[in-house]
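Architecture at a glance
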Number of protein chains: 2
Amino acid sequence: MAGSSTKRRPYQVAETIKRWIVEKQLKPGDRLPGEAELMERLGVSKGTVRESTRVLEAQGLVETRTGPGGGAFVHAMSEARAISLLSHYLFFQDISIRDIYQIRLALEPELAASLAGRVSPEDMSRLRASLESYADTARDEEEERQQHLDSLNFHLMLAELSGGNPLLCFIIRFTTQVLSDLTIYRRLYEPATHDLGRTGCRFHAELLDAIEAGDAEQARRIMHEHMLSAQAVMNTQEAQVRRDFLSEA
Amino acid sequence: MAGSSTKRRPYQVAETIKRWIVEKQLKPGDRLPGEAELMERLGVSKGTVRESTRVLEAQGLVETRTGPGGGAFVHAMSEARAISLLSHYLFFQDISIRDIYQIRLALEPELAASLAGRVSPEDMSRLRASLESYADTARDEEEERQQHLDSLNFHLMLAELSGGNPLLCFIIRFTTQVLSDLTIYRRLYEPATHDLGRTGCRFHAELLDAIEAGDAEQARRIMHEHMLSAQAVMNTQEAQVRRDFLSEA
DNA sequence: CTAGCCCGGAGGCCTGACCACCGCTTTGTC
DNA sequence: GACAAAGCGGTGGTCAGGCCTCCGGGCTAG
């Protein structure tokens, strides 16, 4: 009797611990009970406790350290890990480049606008410096790919700087990540895209000017055009996003 | 010696299995080696194999069944689970209502536009029928909350119908889910929001007309105004999203 | 005062046994 | 002969206990 567990023990234990985290309002770095104590308090064996810990670890909620003073600690999931987990979801969905750009087209201009007049001079020079690497037309395929990665990285930096909206930042970084992986795993940029770097650089430069001037509307418009331009190029490429896991966090 | 494991065994095993899934192009429903076979082929103990299986399960990649013919099977993560995992990430981030609406403001109009002229008559009537429940001003707080949930559900249905862009659909559903949870866990809609349902209903009705007429620009514009209107109301409310886990998938 | 050793407590991994579950086969009855 | 009930067997699920590894901090030797 009693027993009855629609779910398996490790998950029951994991749920219990999650509840503790919420109820006790534990913060990252706070320590959870040790294996021995959990065994005793929950009446389960060591193996079960360990499995539940792996579950929480996999979900990015806790982190374990060995040695004295070790144990399980509440942990704020890294963005990289979140991206990885989300990519697991999309692994069996069919995402096309067009899908990615539909998102970027809507969000990147928003991000650009929100950045207008809010970037420090130091960051501004860092951004401008990064443009160098793809200012000229690429000479070979290898350089071209690297340019595209640098160009994507520019958007990553913008997202980083915004800081204001974690969710917006996350989504943009995710889409960028997907596009980066595409360039790594596939030869996507072969025909007639040699100027993509230079074109992108021009857009980026204009965008920085608008941002520096604090002209939100102008920044939004430029980014919008930039995305349209990039989308037009990408649409001529492969339609189907490669099914692959992203790098593990 | 030899050994050397920057990572711990269960994760190495999990990575290996992931690699198998990618390399062998396994699809949901395909069976993975049993515990005994994994123990032998990878030279690890049962406990380690089980921990790695819990990890993959937690990440939504596999599912296990007991009994004869049971075992671990490749599994497509449900959207609900993906949302749950993503909420784990945002648990320690500070998300404001404003952040949510910045996303909605950018994406929902896009969705609406992409739907113009592409909704079947049956779905159209289902959508129109759903408007009934919040056409009138709410009489009490309870009804008001229910109206808001129904109203949010309308957006969920739209996302569902689009179907075209899994990522867009996911993001919209996620943001909607967050807003729904807010209404459940907090008393958010107290002061002067009694007409929110009716106002929303009007927007929704106009939107459906535009979609039916196939007028993408009009649909985009209406949704944009709708979001602005809703954002204006929400901005007067609590700024900080409650830190809580969403329902477990 | 510093460098090094050493202790002890925490998780990490393994072994081996037994339990719970459930599709399939066998058996029994009408 | 057909259908239902009983049970086999293989699979994951859980438990118990043991030994190994790691590492911070205290203690000791230089």
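Residues numbered from 1 in each chain as written. Chains lettered and ligands numbered in written order. Predicted model: local features only at pLDDT ≥ 70, side-chain atom pairs only at ≥ 80, totals over all residues. Heavy atoms only, no water.

Notes on the pattern of salt bridges
- The full count for this structure, using the stated rule, is 35 salt bridges over all chains.
- We note a salt bridge from E51 of chain A to R50 of chain B, for which the minimum N-O separation is 3.0 Å. Of this pair, E51 of chain A sits in helix 3 (residues 46-58) while R50 of chain B is found in helix 3 (residues 46-58), placing the two residues in two different chains.
- Its relative accessible area of 8% is what places E51 of chain A among the buried residues.
- Residue class for R50 of chain B comes out partly exposed when judged on its relative accessible area of 27%.
- Residue R173 of chain A is joined to E160 of chain A by a salt bridge in which the shortest nitrogen-to-oxygen separation is 3.0 Å. With a gap of 13 residues between them, R173 of chain A in helix 8 (residues 166-185) and E160 of chain A in helix 7 (residues 141-162) connect regions that are remote in the sequence.
- One continuous salt-bridge network, built from bridges that share partners, spans R8 and E51 of chain A together with E35, K46, R50, R54 and E57 of chain B. (Salt bridge = Lys/Arg side-chain N within 4 Å of Asp/Glu carboxyl O. Helix = DSSP H or I, 4+ residues; strand = E, 2+ residues; numbered from the N terminus. Buried < 20%, exposed > 50% of the residue type's maximum accessible area, 1.4 Å probe, protein only.)

Observations concerning the domain arrangement of chain A
- The domains assigned to chain A are domain 1 (9-74) and domain 2 (80-235).
- A separation of 39 Å is found between the C-alpha centroids of domain 1 of chain A and domain 2 of chain A. (Domains from an automatic or database assignment.)

Describing helix 6 (residues 121-131) of chain B
- Those residues of helix 6 of chain B that sit buried are M124, L127 and L131 of chain B. The buried residues of helix 6 of chain B all sit within an arc of 65° when viewed along its axis, so they share a single face. (Arc of directions from axis to C-beta.)

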